Amino acid sequence: MGAILSISCAHNNTNESEVAENGIIVHGDTISLAAESPLINKIETEVVEARDYDLKLSSTGVVTAIPTAYAEVAAPFGGRVVRSMVHIGQQVKAGSPLFEISSSNYSEVVKNYIQTKGEMELARKAMERVRDLHQNRVASEKDLDEAQQSYTLAVQEYRHAVAVAKEFQIDLDGAVVGQPMIVRSPISGKVLRNELVIGEYLKEDAEAKVVVADLSKVWVKANVSEMESPYVAGVEDVEVRLSSRPDSIILGKVVYTDGMLNNETRTMQTFIECVNTSGIMKPNMYANVRMSLKGQKHILIDNTAALQSNKGRYVLRKIAENTYVKTHIEAQSVDGNQLLVTNGISVGDEIITHGAFYFIDYK
């Protein structure tokens, strides 16, 4: 046992001697230089400052219609298509008729609406008649209560019928039992798709056959990296280049960003609105996006100041005379062989900017 202890102590003394010879003393993440270390004159330090820099964020995206200006119109009931009233490329307004469908379910809803409306009117007249008789002491209090209750129930049935009709976007003013239902466009825009076939039977769960969209403005959904996501809020200018037209620049503006990152891609979806009066931007087109932040201050350091470990990038931050601590940073490469630091160091910190590579073996 004593021999083993002796060998262990000798080994430790050898390590300490080697460290002392190099003038480098390591304690965990802290690195100190002995007073006689030749490295003292070979390293340079600099106090971290925030400097003006026009940051540019790059991403890829996909053109999409704005949700409030896009409608996939399906038949609200199962039934047979009897008439198509639009063609592809046609401009329509909100409420414009798109197609007609013959449906027994539609007729039932209309019939129920008309019936409950009539019953409500009869109940109202009956209640008014009983009220007059009650005032003349011909009808009893009980008769009046029953008449009022019947009217209240009739009103509830009528309101329910109206709600059902509105849910299926039925035009109650022109609804007639036995006639086809007119399906109307919920928005103004252009008919992008019309796959209706006269005489075909559509099930209740059938996919939309008509698509209407207003593409005078569109969105580009861009995925911004986790590192760049904090800067999206300050974006001033956005340039979009379609993959099919890389030489044409389309200006845009950020209108919305997701409140959370995608767990798999570690990106944040950003919505960019572009004017598209020319119509060159089509849904599902790919695009390259460049966002600019102008006149803002950021922490920039030279690439030579950062070292790499299995835990990521780090710098050597001065904490005392000839004493430095490894400080991990989050940063991204920018123009001019520089790193833009988003986390880890602050203005006023002093770091080694040149000569950090002398310490690369001391991880």
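Remember, predicted model here, so these are calculated numbers, not experimental data.

Caption draft 1: Spotlight on the sheet that holds strand β9 (residues 181-184). Across the sheet, which stays open at both edges, the four strands sit in the order β9-β8-β6-β11 with antiparallel pairing between neighbours. Each edge of the sheet is formed by a strand with only one pairing partner; in this case those strands are β9 and β11 (201-202).

Caption draft 2: Here's a closer look at the packing of aromatic side chains. With the rule as written, the count across this model stands at six aromatic pairs. What links up through ring pairs into an aromatic cluster is the set Phe77, Tyr106 and Phe168. Over the ring of Tyr314 we find Lys326, and its NZ or CZ is 5.2 Å from the ring centre.

Caption draft 3: Representation of the pairing of strand β14 (residues 237-242) in the model. Of the two faces of β14, only the one carrying Val238, Val240 and Leu242 is buried; Asp237, Glu239 and Arg241 on the other face are not. The antiparallel pairing of β14 with strand β15 (residues 245-257) creates a hairpin that spans two residues between the two strands.

Caption draft 4: How the structure looks around the pattern of salt bridges. Following the criterion strictly, the structure yields 11 salt bridges and no others. For Asp52, the salt bridge is made with Lys297, and the minimal N-O distance between the two is 3.2 Å. Separated by 245 residues along the polypeptide, Asp52 in strand β4 (residues 50-65) and Lys297 in strand β17 (residues 286-302) bring together distant segments of the chain. Asp52 sits in the exposed class, given a relative accessible area of 56%. Looking at Lys297, the relative accessible area reads 56%, which means it is exposed. Across the pair Glu195 and Arg193 runs a salt bridge, and its minimum N-O distance is 3.7 Å. We classify Glu195 as partly exposed; its relative accessible area is 42%.

Caption draft 5: Representation of the packing of helix α2 (residues 104-135) against helix α3 (residues 141-167). Relative to each other, α2 and α3 sit at 160 degrees, their axes nearing to 8 Å. Judged by the angle between their axes, α2 and α3 are roughly antiparallel. Seen from above, α2 lies across α3 with left-handed handedness. Considering only residue class, the contact of α2 with α3 consists of 16 nonpolar, five polar and seven charged.

Caption draft 6: Quick peek at the nonpolar core. Among the nonpolar cores identified, the biggest contains 33 residues, and Val73, Leu98, Phe99, Tyr106, Ile170, Val210 and Val212 are the most heavily contacted of them. At the level of secondary structure, the elements contributing two or more residues to this core comprise β5 (70-73), β8 (97-102), α2, α3, β9 and β12 (210-213). Ignoring any residue separated from it by four or fewer positions in sequence, one finds Phe99 in contact with Val73, Ala74, Ala75, Arg83, Ser84, Met85, Met181, Ile182, Val183, Leu196 and Val210.

Caption draft 7: A look at α2. Counted at 1.5 Å a residue, the expected span for α2 with its 32 residues is 46 Å, and the 46 Å between its end C-alpha atoms agrees. Residues of α2 that are buried include every one of Tyr106, Ser107, Val109, Val110, Tyr113, Thr116, Met120, Ala123, Met127 and Val130, and no others. Where α2 is buried, its residues contact α3 and β9. Where α2 terminates, the next one or two residues include Arg137, which has phi positive at roughly 60 degrees.

What counts, and where the lines are drawn
Residues numbered from 1 in each chain as written. Predicted model: local features only at pLDDT ≥ 70, side-chain atom pairs only at ≥ 80, totals over all residues. Heavy atoms only, no water. Pairing = 2+ DSSP bridges. Helix = DSSP H or I, 4+ residues; strand = E, 2+ residues; numbered from the N terminus. Phe/Tyr/Trp six-rings, centres within 6.5 Å; stacked < 30°, edge-to-face > 60°. Lys NZ or Arg CZ within 6 Å of the ring centre and 35° of its normal. Buried < 20%, exposed > 50% of the residue type's maximum accessible area, 1.4 Å probe, protein only. Salt bridge = Lys/Arg side-chain N within 4 Å of Asp/Glu carboxyl O. Axes fitted to C-alpha atoms, helices over the stretch in contact; angles between N-to-C directions. Parallel < 35°, antiparallel > 145°, perpendicular 65-115°, else oblique. Left-handed = near helix turned anticlockwise from the far one by under 90°. Nonpolar A, V, L, I, M, F, W, Y, C, P; charged D, E, K, R; others polar. Core = buried A, V, L, I, M, F, W, Y, C linked by side-chain atoms within 4.5 Å. Contact = heavy atoms within 4.5 Å. Expected span 1.5 Å × (residues − 1).

By themselves, these are just geometric observations and shouldn't be taken as functional.
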